[in-house]
Amino acid sequence: EGGVTGTALLRFTALVHDVGKPDVRAIEDGWVRFLGHAERGAEIVEEISRRLRLGSRATAMAVTIVREHLRPLHLRHTPRITARARYRFWRDLGPLAADCLLLSLADIRATAAREGRAFREHRCFVQEMFTFHRRRMAAAEARGRRGRLLDGHELMARMRLSPGPFVGFLLARLDEEAGLGALRSKQEALRHLKRHLPALRQEFARASR
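First, a word on scope: everything that follows refers to the structure included in this document. Because the structure is a prediction, the values reported are computed rather than measured.

A word on the pattern of salt bridges
Consideration 1: Enumeration over the complete set of coordinates arrives at 18 salt bridges.
Consideration 2: Among the ionic pairs, E47 bridges to R51, the shortest N-O distance being 3.9 Å. Here E47 and its partner R51 are both found in helix α3 (residues 37-51), 4 residues apart, which amounts to about one turn of the helix.
Consideration 3: A residue is classified by how much of its surface remains accessible, and E47, at 33% relative accessible area, is partly exposed.
Consideration 4: Note that E121 and R117 form a salt bridge whose closest N and O atoms lie 2.7 Å from each other. Of this pair, E121 and R117 both sit in helix α8 (residues 117-146), 4 residues apart, which is roughly one turn of the helix.

Let's talk about the nonpolar core
Consideration 1: In terms of nonpolar packing, the biggest core is built from 19 residues, with F89, W90, L101, F125, M129 and F132 touching the most fellow members.
Consideration 2: Mapped onto this core, the elements with two or more residues apiece are α5 (71-76), α6 (83-93), α7 (97-111) and α8.
Consideration 3: When residues of this core are assigned to their parent elements, the largest contribution, 6 residues, is made by α8.
Consideration 4: Ignoring anything within four residues of it in the chain, the contact list for W90 reads A97, A98, L101, M129, F130, F132, H133 and M137.
Consideration 5: Core analysis: the second largest hydrophobic core is formed by 17 residues, L155, M159, L161 and A189 among them.

Quick look at the environment of D23
Consideration 1: Inspection of the secondary structure puts D23 in helix α2 (residues 21-24).
Consideration 2: Each C-alpha atom, one on D23 and one on H37, is 7.6 Å from the other, the two residues being 14 residues apart in sequence.
Consideration 3: Within the local environment of D23, its side chain forms a polar contact with the side chain of R40, the two groups lying 2.8 Å apart.

Some thoughts on the packing of α3 against helix α4 (residues 56-68)
Consideration 1: Close contact between α3 and α4 brings their axes to 8 Å; oriented N to C, the two are set at 160 degrees. Between α3 and α4, the angle is such that the two are roughly antiparallel. Classified by chirality, the crossing of α4 by α3 is right-handed. In contact with A38, G41, A42, V45, E46 and S49 of α3, α4 contributes T59, A62, V63, V66 and R67.

Rules used in this analysis
- Residues numbered from 1 in each chain as written.
- Predicted model: local features only at pLDDT ≥ 70, side-chain atom pairs only at ≥ 80, totals over all residues.
- Heavy atoms only, no water.
- Salt bridge = Lys/Arg side-chain N within 4 Å of Asp/Glu carboxyl O.
- Helix = DSSP H or I, 4+ residues; strand = E, 2+ residues; numbered from the N terminus.
- Buried < 20%, exposed > 50% of the residue type's maximum accessible area, 1.4 Å probe, protein only.
- Core = buried A, V, L, I, M, F, W, Y, C linked by side-chain atoms within 4.5 Å.
- Contact = heavy atoms within 4.5 Å.
- Polar contact = N/O pair within 3.5 Å; in protein donor to acceptor, adjacent residues only side chain to side chain.
- Axes fitted to C-alpha atoms, helices over the stretch in contact; angles between N-to-C directions.
- Parallel < 35°, antiparallel > 145°, perpendicular 65-115°, else oblique.
- Left-handed = near helix turned anticlockwise from the far one by under 90°.

Here's what the structure looks like:
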């Protein structure tokens, strides 16, 4: 956008991704903490992007990467990384997921030796994430191009639902289950909804609070 390449934008976000740390620096029990620095950094990067007169798309991309740059690290430290968690990472970040993973690898490399355990483990994690995308997400995206198992109108008619955010929530959940290979047909999708509808209502209510 406006002559700014994706590579240049990734380098820019690498330069500024921790810019929020000074504003949130705190000492707790003798440890220096930077809680909330990703969110604060995203606010600062939006202002920097405005001063640099980046386009709206480039600005949105930079802000998102800075805000989400800790997500790969949090995911890697999950006791057991499920296929669903990997799927949601790629789904939520979309085309910026790869950049976010590469930034996280550079972040670890800046503080750990290339031969060190932390870097080796994170490099393996990043490789696994790209392998998952190649094997699972590509297939899910191909299925998505062929069309959803159910569209919104049919879902409302078959489940007797009124239009609203809950319908979108259910469609996204069906997309997720189909992407993970758990649902392959319209009949399976309807059976899944009928079986899990009460639990899905509760989950939607919690997420909406």
